[in-house]
Amino acid sequence: MKAHRIETKLTKNGTLILEDLPFQAGEAVEIIILESHTHPQEANLYPLRDKQPYRYDDPFEPAVPLEDWEVLQS
């Protein structure tokens, strides 16, 4: 299945016009319309900037004590 993405705007009367599609005449296509919430140029490219960093005091320490591991009980 080929996929093609196009961004366009509706006309004042709510009509959507798709031109220059890369499909052959008579070819069956499926149309899915998604609302665009953010334009790619307006999207935040660095969502973690200015956020509180995570801190790992001992990253190799087990998340739970070894005696709590059920697999080690047998």
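Refer to the structure presented above.
What this report covers is the structure whose coordinates are included nearby. (Residues numbered from 1 in each chain as written. Predicted model: local features only at pLDDT ≥ 70, side-chain atom pairs only at ≥ 80, totals over all residues. Heavy atoms only, no water.)

Here's the deal with the overall build of the protein chain
Inference 1: Along the backbone of the protein chain there are zero helices and zero strands.
Inference 2: Over its C-alpha trace the protein chain gives a radius of gyration of 26 Å, far above what one expects of a compact globule, namely 11 Å for 74 residues.
Inference 3: Dimensions of the protein chain, computed from the C-alpha atoms along their principal axes, are close to 65 × 40 × 20 Å.
Inference 4: Approximately 8,500 Å² of the protein chain is accessible, and the part contributed by carbon and sulfur atoms is 54%.
Inference 5: Positive and negative side-chain charges in the protein chain, numbering 7 and 14 respectively, have mean positions lying 14 Å apart. (Helix = DSSP H or I, 4+ residues; strand = E, 2+ residues; numbered from the N terminus. Rg over C-alpha atoms; globule rule 2.2 N^0.38 Å. Areas by Shrake-Rupley, 256 points an atom, 1.4 Å probe, with all protein chains shown as cover. Lys, Arg positive; Asp, Glu negative; His and termini not counted. Charge placed at Lys NZ, Arg CZ, Asp CG, Glu CD.)

Focus on the packing of aromatic side chains
Inference 1: Following the criterion strictly, the structure yields zero aromatic pairs and no others.
Inference 2: Geometry around Tyr46 places Arg49 over its ring, the cationic atom sitting 4.4 Å from the centre. (Phe/Tyr/Trp six-rings, centres within 6.5 Å; stacked < 30°, edge-to-face > 60°. Lys NZ or Arg CZ within 6 Å of the ring centre and 35° of its normal.)

Notes on the pattern of salt bridges
Inference 1: All told, the structure shown has two salt bridges when counted by the stated rule.
Inference 2: Residue Arg5 pairs with Glu7 through a salt bridge whose shortest N-O separation is 2.9 Å.
Inference 3: Relative accessible area serves as the criterion here: at 44%, Glu7 is assigned to the partly exposed category.
Inference 4: When the shortest N-O distance is used, the salt bridge between Asp57 and Arg55 registers 3.0 Å. Here Asp57 matches Arg55 in class, with each residue exposed. (Salt bridge = Lys/Arg side-chain N within 4 Å of Asp/Glu carboxyl O. Buried < 20%, exposed > 50% of the residue type's maximum accessible area, 1.4 Å probe, protein only.)

Here's the deal with unusual backbone geometry
Inference 1: Of note in this structure, Asp20 is not a glycine but carries a positive phi near 60 degrees.
Inference 2: With relative accessibility at 77%, the residue Asp20 sits in the exposed group.

Some remarks on the environment of Asn13
Inference 1: Judged by relative accessible area, which is 62%, Asn13 ranks as exposed.
Inference 2: Residues Asn13 and Asp57, 44 residues apart in the sequence, show an inter-C-alpha distance of 60 Å.
Inference 3: Within polar-contact distance, the side chain of Asn13 engages the side chain of Thr11 at 2.5 Å.
Inference 4: Only 2.8 Å separates the side chain of Asn13 from the side chain of Thr15, close enough to count as a polar contact. (Polar contact = N/O pair within 3.5 Å; in protein donor to acceptor, adjacent residues only side chain to side chain.)

Treat this as a map of the structure, not an account of what it does.
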